[in-house]
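Chain residues, written in single-letter form:
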Amino acid sequence: MGGTEELVWRAYGEDDLAALTGLVEACLAVDGGLPLFARTPLTRARLLQTRTLAAWHDGGPVAAVGVGTGRTPATATGLVHPAWRGRGLGGTLLDWAGEQAGDGGLLLTTETWTAEAEALFASRGFTRTFLERVLRHDLDTLPDVAAPDGVTLEPATLGPELFDAYRSSFADRPGFVEPAAEEWLGDLRDDEDYRPELSMVARGPDGGAAGFVTVLDTWIDQVGVVPGRRGRRIGAYLVARVLRGLAEAGADAAWLCVNDDNPAAGLYRRLGFGEAGCRARYLRR
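Residues numbered from 1 in each chain as written. Predicted model: local features only at pLDDT ≥ 70, side-chain atom pairs only at ≥ 80, totals over all residues. Heavy atoms only, no water.

Brief notes about the layout of surface pockets
Thought 1: There is about 530 Å³ of room inside the second largest pocket.
Thought 2: Lining the second largest pocket are 27 residues, with V80, G90, A117, L120 and F121 sitting closest to its centre.
Thought 3: Elements with a contribution of two residues or more to the lining of the second largest pocket: strand 3 (60-68), strand 4 (74-80), helix 3 (89-101), strand 5 (106-110) and helix 4 (115-123).
Thought 4: Of the residues assigned to the lining of the second largest pocket, the class counts are 13 nonpolar, ten polar and four charged. (1 Å grid on protein atoms, 1.4 Å probe; cavity = no way out; pocket = protein on both sides within 12 Å on 5 of 7 lines; lining within 4 Å. Points joined across faces, edges and corners; volume = space filled by probe spheres on them. Helix = DSSP H or I, 4+ residues; strand = E, 2+ residues; numbered from the N terminus. Nonpolar A, V, L, I, M, F, W, Y, C, P; charged D, E, K, R; others polar.)

Have a look at this one:
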């Protein structure tokens, strides 16, 4: 492949979305990460921001970055084709993004994390603020988790009880910021991928909500167990039931994301989930 002197640097827009998707897919194939990044809504949201710059070779982008300047700090997402790494393109894009951000700081989001990118970000003064692992479960083998004593499952209703179960399950997590109930419920209600037939509430012997799981397409969106009910295999039982339901519906894999410091990651691995990459955020003030 030719050198960097053969590159054309220019802005890109909506008409380039298909080409950008190809760049995203090439990075995901090598680095892993969030596969939803290759879907049009997220590709557009991450890369078609206020200001854009890409390096083009033979009519296709080999590196690209989008910078959103409408908030403080500014936001940016960029990526470099695996075949074009080690030539300084990432540093060029990162420096350009910093110039567009000005003095208000810059928040980087990467859906295809690599250790090399983290080293570059650190060298430019960025600090990682978030790391989430992407996990995949092939559904040809399913875990067998017995129902905990006295626990029953029923379809989740998008209402106050489900929100209360969510809030109770996550309130003790470091950094938890409680959303408005209607906002949280509305996001599920309005998501075309929401799977009401697979989203469930677990009830304890007293009839109260002991845990919950919500499902979007083939993704386990959120799963939680309320304090006082933990350590009884409720979370494992909910996840196992979702995996079985997805397999029966014809899916070949299930996905979820888990924060790097969340102890639930161990549970998911014991249930058969494997690593499929990472996504992260970095901040420079």
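On we go from here.
Comments concerning helix 1 (residues 17-31)
Thought 1: Compared with the 21 Å implied by 1.5 Å per residue over 15 residues, the 21 Å span of helix 1 between its first and last C-alpha is a close match.
Thought 2: Here helix 1 has its buried residues at L17, L20, T21, L23, V24, C27, L28 and D31. Burial along helix 1 is one-sided: seen end-on, the buried residues are contained in an arc of 160°. Exposed side chains of helix 1 directed beyond 90 degrees from the buried face belong to A18, A29 and V30.
Thought 3: Tucked into the core, helix 1 has its buried residues touching helix 2 (40-47), strand 3, strand 4 and strand 12 (274-284). (Expected span 1.5 Å × (residues − 1). Buried < 20%, exposed > 50% of the residue type's maximum accessible area, 1.4 Å probe, protein only. Arc of directions from axis to C-beta. Contact = heavy atoms within 4.5 Å.)

Details of the pattern of salt bridges
Thought 1: Evaluated as defined, the whole model comprises 23 salt bridges.
Thought 2: Residue R39 pairs with D217 through a salt bridge whose shortest N-O separation is 3.0 Å. Taken together, the residues R39 in the loop between helix 1 and helix 2 and D217 in the loop between strand 9 (209-216) and strand 10 (219-225) connect sequence positions 178 residues apart.
Thought 3: Residue R39 is classed as partly exposed on the basis of its relative accessible area, which comes to 39%.
Thought 4: One salt bridge connects R133 with D260, and the closest N-O pair in it is separated by 2.8 Å. (Salt bridge = Lys/Arg side-chain N within 4 Å of Asp/Glu carboxyl O.)

Some thoughts on the packing of helix 5 (residues 160-170) against helix 6 (residues 181-190)
Thought 1: Running from amino to carboxyl end, helix 5 crosses helix 6 at an angle of 105°, the nearest separation of the two axes being 10 Å. What the angle tells us is that helix 5 and helix 6 run roughly perpendicular. When helix 5 is examined against helix 6, the residues P160, L162, F163 and Y166 are found in contact with a partner set consisting of A181, W184, L185 and L188.
Thought 2: In terms of residue class, the contact of helix 5 with helix 6 is made up of eight nonpolar, no polar and no charged. (Axes fitted to C-alpha atoms, helices over the stretch in contact; angles between N-to-C directions. Parallel < 35°, antiparallel > 145°, perpendicular 65-115°, else oblique.)

Considerations on the nonpolar core
Thought 1: Ranked by internal contacts, the top residues of the largest apolar core, which has 30 residues, are V213, I220, V239, Y268 and F273.
Thought 2: Going through the elements one at a time, strand 8 (200-203), strand 9, strand 10, helix 7 (234-248), strand 11 (253-259) and helix 8 (264-270) are the ones with two or more residues in this core.
Thought 3: Top element by residues in this core is helix 7. It accounts for nine residues.
Thought 4: In contact with V213, not counting residues within four places along its chain, are L198, S199, M200, I220, Q222, V223, L238 and V242.
Thought 5: A76, L106, F121 and L131 belong to the second largest nonpolar core, which has 25 residues in total. (Core = buried A, V, L, I, M, F, W, Y, C linked by side-chain atoms within 4.5 Å.)

Considering the pairing of strand 6 (residues 127-138)
Thought 1: Summarising the sheet, strand 6 and strand 12 pair through eight bridges and their orientation is antiparallel. Its bridge partner being in strand 12, R133 is matched across the sheet by C278.
Thought 2: As defined by bridge partners, strand 6 adjoins strand 11 across seven bridges and the pair is classed as antiparallel. Along strand 11, the bridge assignment pairs R133 with V258. (Pairing = 2+ DSSP bridges.)

What about the packing of helix 1 against helix 2?
Thought 1: As a packed pair, helix 1 and helix 2 sit with axes 10 Å apart at the nearest point and diverge in direction by 95°. By the criterion of interaxial angle, the relationship of helix 1 to helix 2 is roughly perpendicular. Residues L17, L20, T21 and V24 of helix 1 touch helix 2, and the partners they reach there are T40, T43, R44 and L47.
Thought 2: Taken together, the residues that form the contact of helix 1 with helix 2 break down as four nonpolar, three polar and one charged.

Interpretation note: all reported values are geometric properties and have no functional meaning in isolation.
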